[in-house]
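A look at the structure
The residues making up each chain are set out below.
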Amino acid sequence: MLTLTGRGQTTTCDGVTRRDFLQAGTLGAIGLSLPQYLAAQAAGAVKPGHDDRSCIMIFNLGAPSHIDLFDMKPEAPAEVRGPFKPIATNVEGIQLSEILPGHARIADKFSLVRSAHHGGAAVHDSGWQMLQTGRQFTGGVNTPHAGAVVSYLRGRKTDLPPFVVLPETMGRGGGNLPNGQSGGFLGKAYDPFALNADPSQPSFQVPDLLPPQEISTVRLERRRKMREVVDEAVKSFEATENAQLLDDNFSAAFRMMTSAQAREAFDLSKEPQKVRDRYGMNRFGQCCLLARRLVENGVRFVTINTFLTVFNEVTWDIHGSKPFTSIAGMKDIVCPMYDQAYTALIEDLSERGLIDSTMVCNLAEFGRTPRVNPAGGRDHWPQCFTVYFAGGGVKGGQVVGASDPVGGVPAERPVVPADIIATIFHSLGLDLESTLPGPAGRPFPLVDFGHHEIHELF
């Protein structure tokens, strides 16, 4: 969230300070103006005919075990194959883990890429950065999240922000690196709108969408005239870099904060209880449902963090020893919630006619070690893992690439993070050879030279 606060403040006639209002909204989630979008389109960065496309990125923070879920090795030794058995799916020749029965039922709707890998450090935030931006954090260059790039090049379609993160941006992962969920060098104006709330709670509200309770509707309306009463007390603020964002985003922030459409999109009480139950009455399940509502209402890019951190909660990070869980714990705690919500999301998008216009990609920072460790878990393994895609022009029921007999390294069609980000951009109609305004104003390519979409998926 972008909070604009200067040393000075101005009090209006109804007692609310300018600082109060600037902190009431999330100006950083608004996106670019129509002139910027038209300029980007004229420059060839945006291909015509894809403006209805959106993306839901499910980021499996903690990194699921590809060998136990998506790329099983039933013929391998016990210390490699793990405790679970493969089951048939509704696509001949594709097997998945027995602890993902929902995935097996809809395997015709998504396609697996079993040969993802990267050369980054085996620490969480290094992988988060690479899989969400396509690049490592090097030389102090903080590459923007894919959603921020889409926000910059395509802007927003409605009163809602173009780029949203649910339920909130991820924390640190132990490596003291940026987590990849920001506007990066594009600036704070392209940071995501972060929900910062648990949509499964009965008291769920969107704290940054609406103004504080002490600002009534009438008083909020007066904020339109606030700029007219700014005096010398805020000149120090006006001189700051962040203040320059105000002119472009002030009216858009006001529109979002007072938009009936925005309130409706975030209001899960509008959904029948049976629909909410279908997704699962837990944080991840309700985030998946909310993501469907948001793309339905014009949000271009939604990132769902399956978990918020790898510390102090059970996640995909199955090292086995406390405070982490084991492979068995993944079966009992994580997979039932995840399998139910993902299946519901894909089926719901299909039933509503949204799947062709909505790419759903499931990513993670790396995979898990081919051998089970002495604690009954698996450790970090960026050398090989599985990602998968549905919708947005992707043909379902496929497997792209393959790993070696123990799931240790790619054996066919190696895929790196830049290819994965290029695949998302391709689905959304962005020209992969176009550039962004990078650090120091130098042109910065959308994806590094030589990287392209995973064409077999389309």
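Predicted model, so just to flag it, every value in this text is computed and none were measured.

Quick word on the pairing of strand β7 (residues 301-305)
Among the 5 residues of β7, 5 are classified as buried, and the element is accordingly described as predominantly covered. Side chains Phe-301, Thr-303 and Asn-305 project from β7 onto one buried face, and the interleaved Val-302 and Ile-304 project onto a second face that is buried too. Pairing analysis gives 5 bridges linking strand β1 (residues 54-59) to β7, with the strands arranged parallel. Along β7, the bridge assignment pairs Met-57 with Thr-303. Relative to β7, strand β5 (residues 163-166) runs parallel, the two sharing 4 bridges. If you follow Val-164 over to β7, its bridge partner there is Val-302.

With respect to the sheet that holds β1
Strand order in the open sheet made by the 8 strands is β6-β5-β7-β1-β8-β11-β4-β12, with mixed pairing throughout. Looking at the sheet topology across the chains shown, the edges are occupied by β6 (193-194) and β12 (399-400). This element, helix α13 (residues 283-296), spans β1, β5, β7 and β8 (358-363) of the sheet and lies at about 180° to β7. Contacts between helix α14 (residues 327-351) and the sheet are confined to β1, β4 (110-116), β8 and β11 (385-390), with β8 contributing the most and set at about 165° to the helix.

Some details on the environment of Gln-261
Within the secondary structure, Gln-261 sits in helix α11 (residues 260-266). Here Gln-261 falls in the partly exposed class, since its relative accessible area comes to 28%. Spatially, the C-alpha atoms of Gln-261 and Asp-159 are 7.0 Å apart, while their sequence positions differ by 102 residues. When near neighbours in sequence (up to four residues on either side) are disregarded, Gln-261 contacts Thr-158, Asp-159, Leu-160 and Asn-297.

Some remarks on the nonpolar core
Core analysis: the largest hydrophobic core is formed by 107 residues, its most contacted members being Ile-56, Leu-166, Leu-294, Ile-304, Phe-389, Ile-424 and Phe-425. Broken down by element, this core gets its largest block of residues, 12 residues, from α14. Excluding its chain neighbours within four sequence positions, the residues that come into contact with Ile-304 are Ile-56, Met-57, Ile-58, Phe-59, Leu-166, Phe-284, Cys-287, Cys-288 and Ala-291.

Structural notes on the confidence of the model for the protein
Residues with a pLDDT of 70 or more make up 78% of the protein, whose mean pLDDT is 86. Contacts of residues 1-39 to residues separated by more than four positions or lying in other chains number 113 contacts, the stretch itself having pLDDT below 50. Across residues 229-234, where pLDDT falls below 50, the model places 12 contacts with residues more than four positions away in sequence or in other chains.

As for the pattern of salt bridges
Taken as a whole and assessed by the stated rule, the structure comprises 19 salt bridges. The partner of Lys-270 in a salt bridge is Glu-264, with the nearest N and O atoms 3.6 Å apart.

Focus on the environment of Glu-456
With respect to the helices and strands, the residue Glu-456 is situated in the segment after β16 (443-445). Of the residues examined, Glu-456 reaches a relative accessible area of 27% and is grouped as partly exposed. C-alpha separation for the pair Glu-456 and Val-399, spaced 57 residues apart in sequence, amounts to 9.2 Å. Here Glu-456 is in contact with Gln-398, Val-400 and Arg-413, once residues within four sequence places are set aside. In terms of polar contacts, Glu-456 uses its side chain to reach the side chain of Arg-413, at 2.7 Å.

The rules behind these values
Residues numbered from 1 in each chain as written. Predicted model: local features only at pLDDT ≥ 70, side-chain atom pairs only at ≥ 80, totals over all residues. Heavy atoms only, no water. Buried < 20%, exposed > 50% of the residue type's maximum accessible area, 1.4 Å probe, protein only. Helix = DSSP H or I, 4+ residues; strand = E, 2+ residues; numbered from the N terminus. Pairing = 2+ DSSP bridges. Contact = heavy atoms within 4.5 Å. Axes fitted to C-alpha atoms, helices over the stretch in contact; angles between N-to-C directions. Core = buried A, V, L, I, M, F, W, Y, C linked by side-chain atoms within 4.5 Å. pLDDT = per-residue confidence, 0-100. Salt bridge = Lys/Arg side-chain N within 4 Å of Asp/Glu carboxyl O. Polar contact = N/O pair within 3.5 Å; in protein donor to acceptor, adjacent residues only side chain to side chain.

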